[in-house]
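Structural overview
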Amino acid sequence: MKRLSQKLAAVSLLAVLMMLAVFLVYAAASQQNARRESEAYARSFAQNLSYSLEEKAAAIRRATSTIAQSGYVLDYFYSGDMSTKLQTAKFINAYVRYVIGNTPDILSISLYSPNALSLTMGSNNMDAVIMGLIRKECPEAFSNEEAFSPFFMGPIKSWSQPGEYYAFVMPVYDTRSPVSMTRAASCFALCDSRALLRRVGREVPPMVRGIRLYAKDELLAQWLPEGAGTGRLESSEQLIPSSGWRLVIESEALAGEIASLSTLSILAVVLLACLLLASTTWILARNLVRPVETLIGRLGSLTQYQYAALEDLRFHNELDIIVETVRNMLRRLDESAQNRLQNEKKLYELQLHAKQSELSALQSQINPHFLYNTLECIRSIGLFYGAAEIVGIAGAMAAIFRYSVKGTRLVRLSEELGIVRQYFTIMEQRFDGRFSLKIDFSDESLPCLIPRMILQPLVENAIYHGLEPRAGKGSLRLLARLHRGQLYLLVQDDGLGFPKRELPTLRQRLFAGASATAAAENGARSLGLANVCERLRLLAPGGSLRVHSIEKRGVTVLLRLPLGAPKPFWFEPAD
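As a convention, each chain's residues are numbered from 1 in the sequence order in which they are written. Residue-level local features of this predicted model are given only where pLDDT is at least 70; pairs of side-chain atoms are given and counted only at 80 or more, and the full residue set underlies all totals for whole chains, interfaces and linings. Here the side-chain values reflect all heavy atoms present in the structure, with hydrogen atoms and water set aside.

What follows deals with the environment of L233. Here a strand is any run of E in DSSP of at least two residues, a helix any run of H or I of at least four, and the numbering for each starts at the N terminus. Tracing the sequence through the fold places L233 in strand β9 (residues 233-240). Along the sequence, L233 and R209 sit 24 residues apart, while their C-alpha atoms lie 8.0 Å from each other. Contacts: residue pairs with any heavy atoms within 4.5 Å of one another. The residues touching L233, leaving out its near neighbours within four places in the chain, are R209, E250, S251 and E252.

Written out as structure tokens, the structure is:
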């Protein structure tokens, strides 16, 4: 053991000498690599800052677009009743404050119509001076009713309001006439330009000496460090497409490259490294590699956990410790294998229980939400009419509630259709017959088994988020067909539809398998879709859900369910 220890010490000394030789070459390149990494970090910072400004501009566009598309705005400008105007103004003001609270860059929002009717809201209302500057820059937003594209204005400076501002102008179109694009008003969002680069100082690389943001060749915002750089400055520009802004970043130019080692020094280091490597290889091969190969060959001949076959293996050096460690490890593996076989059954039972609990939790999420809406419907009818319709609605609600909490996981399509009719009966009473329901189910599809409460959430989602917000009457279409061993269910409405920018995010979240709870936290609008998608994944493996939408023209949801597959192991018999 002593001889092996001395040899290992000699090998360690040779390794240290080799590391010192290699370090001479490494030190020459390390600073250069660090400088290149600093450049790469600066480029990454510029890209991230550009993306952040892009997001700020997009958030302002979304906020003003939401307000411009609100039906309350048209009611305010076109209603002739003063009390209606006052009530609508309260709704608009509350909604605008909510939007501003979620978009920190916006200070206030003003609505101006061509006939000089105006409404200003927010925490920092525009004064007459600022509005005068805006009117001078874009008179077309005040003087006529012609359509124009939304745009960002350049910097706005006012002596009455300290600081610098900029504005985003969004037209408000009259959507009551689908054949014309008449502008009813203009929406102005006043924003603080100082907020654009307010938090940038904590993330700026040391080599960056200045950041400037231009709008229409005018300085909109800038960030400068406390100390001025002494070296030569280089500037790079990036265009923010959605706003037309131009981002300029100034950074210090790199100094001269580090002088390289001489050719003779490099050759000497390489020669020394080769000699040390050859010596180390010879010592290791003679004193360590051969015993280790013997140990590996013995271990390779073992089957299962035959640790007794290593009892006669002796090297009379530190490798004996490795042999004893391997024997103990094989002994513990043998014991753990026995325990693992005993625990597999319990683990399998726990997994089954967890799966069934997850499915029950998903199905129960719909019931409280629907029960709340139904009770609200009963209350509304009682307040306005006091009629006998309450009896019919209560009966339909009781049937739906019993259907959702009792029975098997899978039901016939005809039973699910009956519950959808009960639900639509309630909706007809609540919305006074505004919506029509068209059912086109083939006879051979009615006996097919589907997961319970799979259509009702989609119908509810279509009514509350598609048909109810739109003006006038609406229609809902249900279709069921069998094709090549697959059941296809289609739910289609002609409501408002999803905004074009939200549809890819919704599809990505449903494709990723997000749970209904997570989807609900991202927005109640996708609760029904996410719940149905998750229950399809658990109850109907191989099924799929597709969403197609055209903004202001409706949403189409297509379910595909495989038929003839074995029932899931948690399928329960009827009570």
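From this point, the narrative continues.
Paired strands, in this sense, are two strands between which DSSP finds at least two bridges. Read across the sheet, four strands follow the order β8-β7-β10-β9 without closing on themselves; strand pairing throughout is antiparallel. The open sheet is flanked by β8 (218-223) and β9, the only strands paired with a single partner. Averaged over all pairs of adjacent strands, the angle between their axes in this sheet comes to 20 degrees, without regard to strand direction. In the sheet, β9 pairs with strand β10 (residues 245-252) via eight bridges, with the strands oriented antiparallel. Axes, fitted as lines to C-alpha atoms, cover a helix only where it is in contact. Angles between the N-to-C directions of the axes lie from 0 to 180 degrees.

Read across the open sheet, the five strands follow the order β12-β14-β15-β17-β16; overall the sheet is mixed. In the strand order of this sheet, the two ends are held by β12 (435-441) and β16 (544-550), each with one partner. For this sheet, the mean angle separating the axes of adjacent strands, direction not counted, is 10 degrees. Along the sheet, helix α10 (residues 413-430) makes contact with β12, β14 (474-483) and β15 (486-493), crossing β12 at roughly 170 degrees.

Among the residues making up helix α2 (residues 71-78), those that are buried are V73, L74, Y76 and F77. In an axial view of α2, the angular spread of the buried residues amounts to 160 degrees, which keeps them on one side of the axis. Summary of the burial criterion: residues with accessible area below 20% of their type's maximum are buried, those above 50% are exposed, and those between are partly exposed, where the area comes from a 1.4 Å probe applied to protein chains only. Taken from the helix axis, the directions to the C-beta atoms give the arc we talk about.

Turning to the pattern of salt bridges, a few remarks are in order. A pair is scored as a salt bridge if a Lys or Arg side-chain nitrogen falls within 4 Å of a carboxyl oxygen belonging to Asp or Glu. Here the structure, examined in full by the defined rule, presents nine salt bridges. The salt bridge partner of D217 is R246, with a shortest N-O separation of 3.5 Å. Note that D217 is positioned in the loop between β7 (208-215) and β8 and R246 in strand β10, a separation of 29 residues in sequence. When its relative accessible area of 23% is taken as the criterion, R246 is described as partly exposed. Here R481 makes a salt bridge to D440, at a shortest N to O gap of 3.0 Å. On the criterion of sequence distance, the pair formed by R481 in strand β14 and D440 in strand β12 is long-range, its members being 41 residues apart. Accessibility expressed as a relative area gives 31% for R481, which makes it partly exposed. The partly exposed category is assigned to D440, whose relative accessible area is 28%.

With that out of the way, let us pick up the nonpolar core. Counting residues in each nonpolar core, the largest one holds 53 residues, and the members touching the most others are I463 and V547. Looking at this core element by element, the count peaks at eight residues for α10. Filtering out sequence-adjacent residues up to four positions away, I463 remains in contact with Y423, F424, M427, F431, F435, E468 and P469. In this text, buried Ala, Val, Leu, Ile, Met, Phe, Trp, Tyr and Cys residues form a nonpolar core when linked through side-chain atoms within 4.5 Å. Among the nonpolar cores identified, the runner-up in size contains 48 residues, and V96, M121, M170 and I240 belong to it.

The next point concerns the pairing of β10. As judged from the seven bridges shared by β7 and β10, these two strands associate in the antiparallel manner. The partner of V208 across the bridge, within β10, is S251. Linking β9 to β10, which pair antiparallel, is a turn of four residues; within it G244 sits at a positive phi near 80 degrees.

Each aromatic ring pair is specified by the distance between its two centres and by the angle formed by the two planes. In summary, the pairing rule links any two rings of Phe, Tyr or Trp, Trp by its six-membered ring, whose centres are within 6.5 Å, and it sorts them by plane angle into stacked for under 30 degrees, edge-to-face for over 60 and tilted for everything else. Here the structure, examined in full by the defined rule, presents 10 aromatic pairs. Aromatic side chains Y166 and W245 sit 5.5 Å apart centroid to centroid with 90 degrees between the ring planes, which places their arrangement in the edge-to-face category. Of this pair, Y166 sits in strand β5 (residues 164-173) while W245 sits in strand β10, placing them 79 residues apart in sequence. Of the residues examined, Y166 reaches a relative accessible area of 0% and is grouped as buried. A relative accessible area of 1% means that W245 is categorised as buried. With a centroid separation of 5.0 Å and 50 degrees between ring planes, the pair formed by F431 and F435 is classed as tilted. Note on accessibility: F431 and F435 belong to one class, buried. Ring pairing ties together the aromatic residues F152, Y166, F168 and W245, which thus form one cluster. Criterion for a charge above a ring: Lys NZ or Arg CZ within 6 Å of the ring centre, and within 35 degrees of the ring normal. Lying over the aromatic face of Y76, K85 brings its terminal NZ or CZ to 5.0 Å of the ring centre. The cationic tip of R246 hangs over the ring face of Y214; the distance from NZ or CZ to the ring centre is 4.7 Å.

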